[in-house]
Amino acid sequence: MVQDSAQQEPSAAPATRARDLLPSVVPALVVGVVCSLLLVGVSLAAEQLQDVLWRTVPDALGVGGYSVLWMFVVLVATGIAVGLVVWKVPGHAGPDPATTGLDAPVLPLVVLPGLLLASALVLAGGPSLGPENPIIAVNVALAVWLGARAAPRVPERGWVALAEAGTIGALFGTPVAAALVISEALAGQRIKGHLWDSLFAPLAAGAAGALTADLVSSPSFDLDLPPFGSPGWADLLSALTVASVGALLGMCAVHAFPYVHGAFRRLRHPMLMLPAGGAVLGALAALGGHLTLFKGLDQIAVLAADAGGWSAGQFATMTVVKLAALVVAASCGFRGGRIFPAVFVGTALGLCAHALVPGVHPAVGVAAGVLGVLLAITRQGWVSLFVAAVLTASPGILALLCIASLPAWLLVTGRPQMQLRADGSSVR
């Protein structure tokens, strides 16, 4: 009986004691607040510059702010400006962005000013990239550098997790996204104690980052789409179809990524690669219209506010152009992340499905489209589900998304990712 009792004892490691977790609260809160303020500061600076580039200057010159000529001029000029930063500023604005993802390397401090400047220029100038990758990289480097001096006994990975969680919480306005990203990162690691013990400090950092962003800038992802009630069989079929098409479309971009990157690499110099990338983006903007510029978050609100204002062909054009712009911007050396442009692609795809087949509910189309594209572009399952669900603010759609994620995941898992190794080969 003693032996049987021993065999029935749980084999999991004991939970971390509360007194061991409590000292992490204050550092986590501080890191979360600082990460959020840095993100908000860069975003506000970029918005001011964007207003100058796209309103003040063209108005003074008497040209249309979103005329074909002006879009081409600003995008090429942005390529020149970012090329100068990459070429001349110490640290060269960090490593090739095609080789990095959300899990940022710990960069030397000398890299950070150039990376922040390049990121702000990209956000203001119109290339289809978001702020997430460079801002996470900057916050991680600062947290590790300051943390090593304030608490040298804390492992470097602890400061990295706090900075990533604080920044992601600020980006999405909720610590839930941060907890999901950290949970996914911990899935392949041996952890001490319970999972929630490892999430305790990052969740505090994510909450601090989210609350700070909410107080300062009030980010919102709710597109105010028509409310969705109880799902039916037609909704399930719509979600399965649109999510799978989104995943296939995203995989087309993933497979094209190393080839487009290789074409720009042949130019060898940032003052050739980035202006050339800006010229290609200018041509794409002329084809897809001004809504395909920038990171895409404000633009999806415009699409959702007047879903009947565009035809299926126009939505399809915007979907393809934005995806191509994302591939080009990420390949030629512009510094930025891929989540927000991918959300635009999925939103345009979902609204295209609704325009083609009115029986596809707009909320179902958008959520499923975003889910499929994000799964292909990021391989972050939980984040893809979270972003797709939060865009619609309809609890009834979550079950559909969970089911639709299954075939979409089968289409992307085990295949190349939208991230390259130093030699230019795809990461799997």
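About the cut-offs
Every chain is numbered on its own, with residues counted from 1 as its sequence reads. This being a predicted model, a pLDDT of at least 70 is required before a residue's local features are given, and a value of 80 or more before pairs of side-chain atoms are given or counted; all residues contribute to the totals for chains, interfaces and linings. Excluding hydrogens and water, the side-chain values take into account all heavy atoms of the structure. Here a helix means four or more residues in a row that DSSP labels H or I, a strand means two or more in a row labelled E, and each is numbered from the N terminus. Each radius of gyration is computed over the set of C-alpha atoms, and the globule rule expresses the reference value as 2.2 Å times the number of residues to the power 0.38. When a residue's accessible area, from a 1.4 Å probe over protein chains only, is under 20% of the maximum for its type it is buried; when over 50% it is exposed; and in between it is partly exposed. By the convention used here, residues are in contact when the closest approach between their heavy atoms is within 4.5 Å. Exposure was quantified through the Shrake-Rupley algorithm and a 1.4 Å probe, taking into account, for residues, occlusion by the shown protein chains and nothing else. Among buried residues, the Ala, Val, Leu, Ile, Met, Phe, Trp, Tyr and Cys ones that are joined through side-chain atoms within 4.5 Å form a nonpolar core. Think of a patch as exposed residues, more than 30% relative accessible area, with no salt bridge, where like charges cluster within 9 Å and nonpolar side chains (Val, Leu, Ile, Met, Phe, Trp, Tyr) cluster within 5 Å. Each reported salt bridge corresponds to a side-chain nitrogen of Lys or Arg within 4 Å of a carboxyl oxygen of Asp or Glu. Axis lines are fitted through C-alpha atoms, for helices just across the contact stretch, and the angle between N-to-C directions can take any value from 0 to 180 degrees. Convention used here: angles under 35 degrees read as roughly parallel, angles over 145 as roughly antiparallel, angles from 65 to 115 as roughly perpendicular, and any remaining angle as oblique. Left-handed describes a crossing whose near helix is turned anticlockwise from the far helix by less than a right angle; the clockwise case is right-handed. Two rings belonging to Phe, Tyr or Trp (six-membered ring only in the last case) form a pair when the distance between their centres is within 6.5 Å. Interplanar angles under 30 degrees mark stacking, angles over 60 mark edge-to-face geometry, and anything in between is tilted. The rule is short: NZ of Lys or CZ of Arg within 6 Å of the ring centre and within 35 degrees of the ring normal puts a charge over the ring. Definition of a polar contact: a pair of N or O atoms within 3.5 Å, with one able to donate and the other able to accept a hydrogen when the atoms are protein atoms, and with sequence-neighbouring residues admitted only if both atoms are side-chain atoms.

Caption draft 1: Representation of the overall build of the chain in the model. The number of helices and strands found in the chain is 17 helices and 0 strands. Its C-alpha atoms give the chain a radius of gyration of 22 Å, near enough to 22 Å, the size a compact globule of 428 residues would have. Along the three orthogonal principal directions, the C-alpha set of the chain runs to about 85 × 55 × 40 Å. Counting the 428 residues in the chain, one finds 52% classified as buried. Taking the intrachain contacts of the chain between residues at least 6 apart in sequence as the baseline, contacts between residues at least 24 apart amount to 77%. A total accessible area of about 18,500 Å² is found for the chain, and carbon and sulfur atoms account for 67% of it.

Caption draft 2: Structural detail: the nonpolar core. Counting 132 residues, the largest nonpolar core has Phe172, Phe334, Val387 and Leu391 as its most contacted members. Not counting residues within four places of it along the chain, the set of residues in contact with Phe334 comprises Thr78, Gly79, Val82, Pro97, Val122, Pro127, Leu129, Leu274, Gly277, Gly278, Leu281 and Ala329.

Caption draft 3: Here's a closer look at a nonpolar patch on the surface. Side chains of Leu49, Val52, Val57, Leu61 and Val63 sit close together on the surface and give an oily, nonpolar patch of about 350 Å² of accessible area. If you trace the backbone, Val57 turns up in helix α3 (residues 25-61).

Caption draft 4: Spatial organisation of the packing of helix α10 (residues 233-265) against helix α13 (residues 312-332). It is the contact of α10 with α13, at a shortest axis distance of 8 Å, that shows an interaxial angle of 40 degrees. Between α10 and α13, the interaxial angle falls into the category oblique. For the pair α10 and α13, the sense of crossing is right-handed. Of the residues in α13, those touching α10 at Leu249, Ala253, Phe257, Val260, His261, Phe264 and Arg265 are Thr319, Leu323, Val327, Val328, Ala330, Ser331 and Cys332.

Caption draft 5: Quick look at the pattern of salt bridges. Scanning the entire structure with this criterion turns up 3 salt bridges. Across the pair Arg265 and Asp96 runs a salt bridge, and its minimum N-O distance is 3.9 Å. Linking Arg265 in helix α10 with Asp96 in the loop between α4 (68-88) and α5 (112-125), this pair joins segments that are 169 residues apart in sequence. Here Arg265 falls in the partly exposed class, since its relative accessible area comes to 32%.

Caption draft 6: Structural context of the packing of aromatic side chains. All told, the structure shown has 5 aromatic pairs when counted by the stated rule. A centroid spacing of 5.9 Å and a plane angle of 55 degrees characterise the contact between Trp310 and Phe315, whose relative ring orientation is tilted. With a relative accessible area of 21%, Trp310 lands in the partly exposed category. The structure contains a cluster of three or more aromatic residues connected by ring pairs, namely Trp54, Tyr66 and Phe294. Note that Lys88 overlies the ring of Trp87, its terminal NZ or CZ placed 4.1 Å from the centroid. When the ring centre of Phe344 is taken as origin, the NZ or CZ atom of Lys322, which lies over that ring, is 5.2 Å away.

Caption draft 7: View of the side chain of Arg379. Structurally, Arg379 is set in the loop between α15 (362-378) and α16 (381-392). Polar side-chain contacts of Arg379 include one of 3.0 Å to the backbone oxygen of Arg415. Residues within four places of Arg379 in sequence aside, it is in contact with Glu184, Met251, Val254, Leu374, Trp409, Val412, Arg415, Pro416 and Gln417.

Caption draft 8: Broad picture of the packing of α10 against helix α17 (residues 398-412). Their axes nearest at 8 Å, the elements α10 and α17 cross at an angle of 30 degrees. Considered as vectors, α10 and α17 are oriented roughly parallel to each other. Of the two elements, α10 crosses α17, and the hand of that crossing is right-handed. Judged by residue contacts, Asp235, Leu236, Ala239, Leu240, Ala243, Ser244, Ala247, Leu248 and Met251 of α10 engage Leu400, Ile403, Ala404, Pro407, Ala408, Leu411 and Val412 from α17.

Functional significance is not addressed by these values, which are geometric in nature.
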